[in-house]
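Here are the chains, one letter per residue:
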Amino acid sequence: MDALGRSSASHLANIAYYQPINRSELSSFFGKEVSRDTIARLRALEFIAAGPRSPQLGAPYTYVTTKAFLSHFGLQTLRDLPDMEMLEEAGLLSKDKMLAGEFPVLASDEADQLEADRDEDDDVT
């Protein structure tokens, strides 16, 4: 996961748990736009691929994880991902809030750190 950086790893985790998910939905979760470069990086690593078109207006592409993702993280199936309930208890993800449209807003220092991670990710090729 070192090549990903924290920001890309967070995006990948959300894709894994909420797939199929489009870029706009990811942006809503993080409170700011998810760059096309981040999606391109995850696609280049073959961790994600295009999923079915979303039924939303404009039919945006959705993203899903791949067999390479499973293999890289030592998973046989998506069922091997850590249990959502455990992650909710740890305060890392909240499926109920996500489904209700209540997205966590990052504190400014967390947002600054994510931006720094993204900049770091952009420097790695």
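Residues numbered from 1 in each chain as written. Predicted model: local features only at pLDDT ≥ 70, side-chain atom pairs only at ≥ 80, totals over all residues. Heavy atoms only, no water.

Student: Before we go on, may I ask you to explain the packing of helix α1 (residues 5-18) against helix α2 (residues 23-30) in this structure?
Tutor: A packed helix pair is summarised by two numbers, namely the angle formed by the two axes and the spacing between the axes. For the pair α1 and α2, interaxial distance at closest approach is 11 Å and the crossing angle is 120°. Regarding α1 and α2, the two cross each other, and that crossing is right-handed. Only Leu-26, Phe-29 and Phe-30 of α2 make contact with α1, whose side of the interface consists of Ser-10, His-11, Asn-14 and Ile-15. Classifying every residue of the contact of α1 with α2 gives four nonpolar, three polar and no charged. (Axes fitted to C-alpha atoms, helices over the stretch in contact; angles between N-to-C directions. Helix = DSSP H or I, 4+ residues; strand = E, 2+ residues; numbered from the N terminus. Left-handed = near helix turned anticlockwise from the far one by under 90°. Contact = heavy atoms within 4.5 Å. Nonpolar A, V, L, I, M, F, W, Y, C, P; charged D, E, K, R; others polar.)

Student: I would appreciate a short explanation of the packing of α1 against helix α3 (residues 36-44) in the present structure.
Tutor: Two numbers describe how α1 lies on α3: the axes approach to 10 Å, and their chain directions differ by 75°. What the angle tells us is that α1 and α3 run roughly perpendicular. Facing Ser-8, His-11, Leu-12 and Ile-15 of α1, the residues of α3 in contact are Thr-38, Arg-41 and Leu-42. Classifying every residue of the contact of α1 with α3 gives three nonpolar, three polar and one charged. (Parallel < 35°, antiparallel > 145°, perpendicular 65-115°, else oblique.)

Student: When you look at the confidence of the model for the protein chain in this model, what are you seeing that I'm missing?
Tutor: Regions with low pLDDT carry predicted coordinates that are not meant to be interpreted in detail. Taken as a whole, the protein chain shows an average pLDDT of 77; of its residues, 71% reach a score of 70 or greater. For residues 103-115, every residue scores under 50 in pLDDT, and the model assigns this stretch 12 contacts once sequence neighbours within four places are set aside. (pLDDT = per-residue confidence, 0-100.)

Student: Help me out: how do you make sense of the pattern of salt bridges in this one?
Tutor: Pairing between side chains of opposite charge can happen when the charged atoms of each approach one another. On inspection of all chains with the given rule, the structure shows one salt bridge. The residue Arg-23 makes a salt bridge to Glu-33 at a minimum N-O spacing of 3.1 Å. Here Arg-23 is found in helix α2, whereas its partner Glu-33 is found in the loop between α2 and α3, with 10 residues between them in sequence. For Arg-23, a relative accessible area of 17% corresponds to the buried category. (Salt bridge = Lys/Arg side-chain N within 4 Å of Asp/Glu carboxyl O. Buried < 20%, exposed > 50% of the residue type's maximum accessible area, 1.4 Å probe, protein only.)

Student: Would you mind showing me how to read unusual backbone geometry here?
Tutor: Outside of glycine, negative phi angles account for most residues, and trans bonds account for most peptide bonds. That bond from Gln-19 to Pro-20 is cis: its omega, -5°, falls within 30 degrees of zero. Within the element layout of this structure, Pro-20 appears in the loop between α1 and β1 (21-22). Despite not being glycine, Glu-46 shows a phi value in the positive range, around 65°. Considering the arrangement of structural elements, one finds Glu-46 in the loop between α3 and β2 (48-50).

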